[in-house]
Amino acid sequence: MIKNLNESEQQLTSFQNYLDKENKIEAKDWMPDAYRKTLIRQISQHAHSEIVGMLPEGNWITRAPSLRRKAILLAKVQDEAGHGLYLYSACETLGVERDFLINELHNGKSKYSSIFNYPTLSWADIGVIGWLVDGAAIVNQVSLQRTSYGPYSRAMIRICKEESFHQRQGYEIMIALSKGTSSQKQMAQDALNRWWWPSLMMFGPSDKESLHSSQNMTWKIKRHSNDELRQKFVDMSVPQAEFLGLTIPDPNLKWNEERNHYDFGDIDWTEFNEIIKGNGPCNKERLNTRVKAYEEGKWVRDAALAYANKKSKLKEKVIN
């Protein structure tokens, strides 16, 4: 851990002892500068992922196959916006302005989940995103309900409840497609083929390559390593795919009696690293869409601020 010169060994030891007793750190509590910066990085990237994650599904709202599917998808995309709001608010408790965080996203300095840089080519992609992408998010986020930073932990409790709805919604689509016509089942299989490996990448680099996992687990920001969470996701998803009658696109996938887990093939980290660098199929499209929406929404933010100022002045006038 990089130590700030203004932080004494006694402070750092007391802080770690406090965490080791399973206490939560709150916004006004003392914390090491590196702990604060790590939280800002992680929570802001999480918030960005929720906001950018609205885009792959948003363009299917008008093309959903029924009014019921349209209403469900609209509610889901709205939920993602709310998740971004919770997380930006949690991040602000660490002393960073939301405008700064959004600017960091727009100029490419702050990252978001690599999974949202893939295109949604068919309605089955919406099902797979709910089933696998939100399923992977749940595996990761359930453990974050116990993260050591209080505001983040409490935000995750509500988010996880809503994500479970998203996962069920996606799996319901996959059930309908896999039990439909042969072309519908093929559509479902094609979507699974394209989204399986990117879903495994959502948990981040392998433990031996991860730069932050060890320290984050010491600080109890994370409770499980990337590889542990990835394994849990695979073990959970394989029986679900079998129920659907779909084949996971991994010839090396097999049950290991000795480990009591599924063995699976190697991930192509070259693809992951290229997307992180901004070279994925939809990186530029996603970022340009977000910047355009932010700029075109400026008048709404200005109007809301003007109205709030007007109400505040009227209230002040009445009091005086």
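Structure: above.
Now for a description of the structure that goes with this document.

Calculation criteria
- Residues numbered from 1 in each chain as written.
- Predicted model: local features only at pLDDT ≥ 70, side-chain atom pairs only at ≥ 80, totals over all residues.
- Heavy atoms only, no water.
- Helix = DSSP H or I, 4+ residues; strand = E, 2+ residues; numbered from the N terminus.
- Buried < 20%, exposed > 50% of the residue type's maximum accessible area, 1.4 Å probe, protein only.
- Contact = heavy atoms within 4.5 Å.
- Areas by Shrake-Rupley, 256 points an atom, 1.4 Å probe, with all protein chains shown as cover.
- Lys, Arg positive; Asp, Glu negative; His and termini not counted.
- Charge placed at Lys NZ, Arg CZ, Asp CG, Glu CD.
- 1 Å grid on protein atoms, 1.4 Å probe; cavity = no way out; pocket = protein on both sides within 12 Å on 5 of 7 lines; lining within 4 Å.
- Points joined across faces, edges and corners; volume = space filled by probe spheres on them.
- Nonpolar A, V, L, I, M, F, W, Y, C, P; charged D, E, K, R; others polar.
- Core = buried A, V, L, I, M, F, W, Y, C linked by side-chain atoms within 4.5 Å.
- Salt bridge = Lys/Arg side-chain N within 4 Å of Asp/Glu carboxyl O.

1. Digging into the overall build of the protein
For the protein, the helix and strand inventory stands at 13 helices and two strands. Principal-axis analysis of the C-alpha atoms gives the protein an extent of 70 × 50 × 35 Å. Evaluated residue by residue, the protein yields a buried proportion of 48% over its 320 residues. When contacts within the protein are restricted to residue pairs at least 6 apart in sequence, long-range pairs at least 24 apart make up 77% of them. Of the accessible surface of the protein, which amounts to about 16800 Å², a share of 55% is contributed by carbon and sulfur atoms. Taken together, the 43 basic and 40 acidic charged side chains of the protein have centroids lying 7 Å from each other.

2. Focus on the layout of surface pockets
Considering only enclosed or pocket space, the largest pocket measures out at about 1200 Å³ in volume. Around the largest pocket, the lining is made up of 43 residues, and of these Q45, S113, M202, F203 and G204 lie nearest the centre. Secondary structure elements with two or more residues in the lining of the largest pocket: α2 (33-52), α3 (54-58), α4 (67-92), α6 (123-144), α7 (150-178), α9 (213-218) and α11 (269-276). The element that contributes the greatest number of residues to the lining of the largest pocket is α6, accounting for eight residues. The residue inventory of the lining of the largest pocket, partitioned by class, reads 16 nonpolar, 16 polar and eleven charged. What the second largest pocket holds in volume is close to 350 Å³. In terms of lining, the second largest pocket is formed by 13 residues, of which the most central are Y88, R98, I102, R290 and Y294. Broken down by secondary-structure element, the contributors of at least two residues to the lining of the second largest pocket are α4, α5 (98-106) and α12 (283-296).

3. Remarks on the nonpolar core
Y35, I43, Y149 and W196 are the most contacted members of the largest nonpolar core, which has 73 residues in total. Contacts of Y35, omitting those with residues within four sequence positions, involve F15, I25, S148, Y149, W219 and I221.

4. Observations concerning the pattern of salt bridges
Side chains bearing opposite charge may pair, as long as their charged atoms lie close to each other. Overall, the coordinates contain 18 salt bridges when judged by the stated rule. Ionic pairing is found between E57 and K76, a salt bridge with its closest N-O pair at 2.5 Å. With E57 in helix α3 and K76 in helix α4, this residue pair connects regions lying 19 residues apart in the sequence. No difference in accessibility class separates E57 from K76, as the two residues are buried. The shortest N-O distance in the salt bridge between R98 and E92 comes to 2.9 Å.

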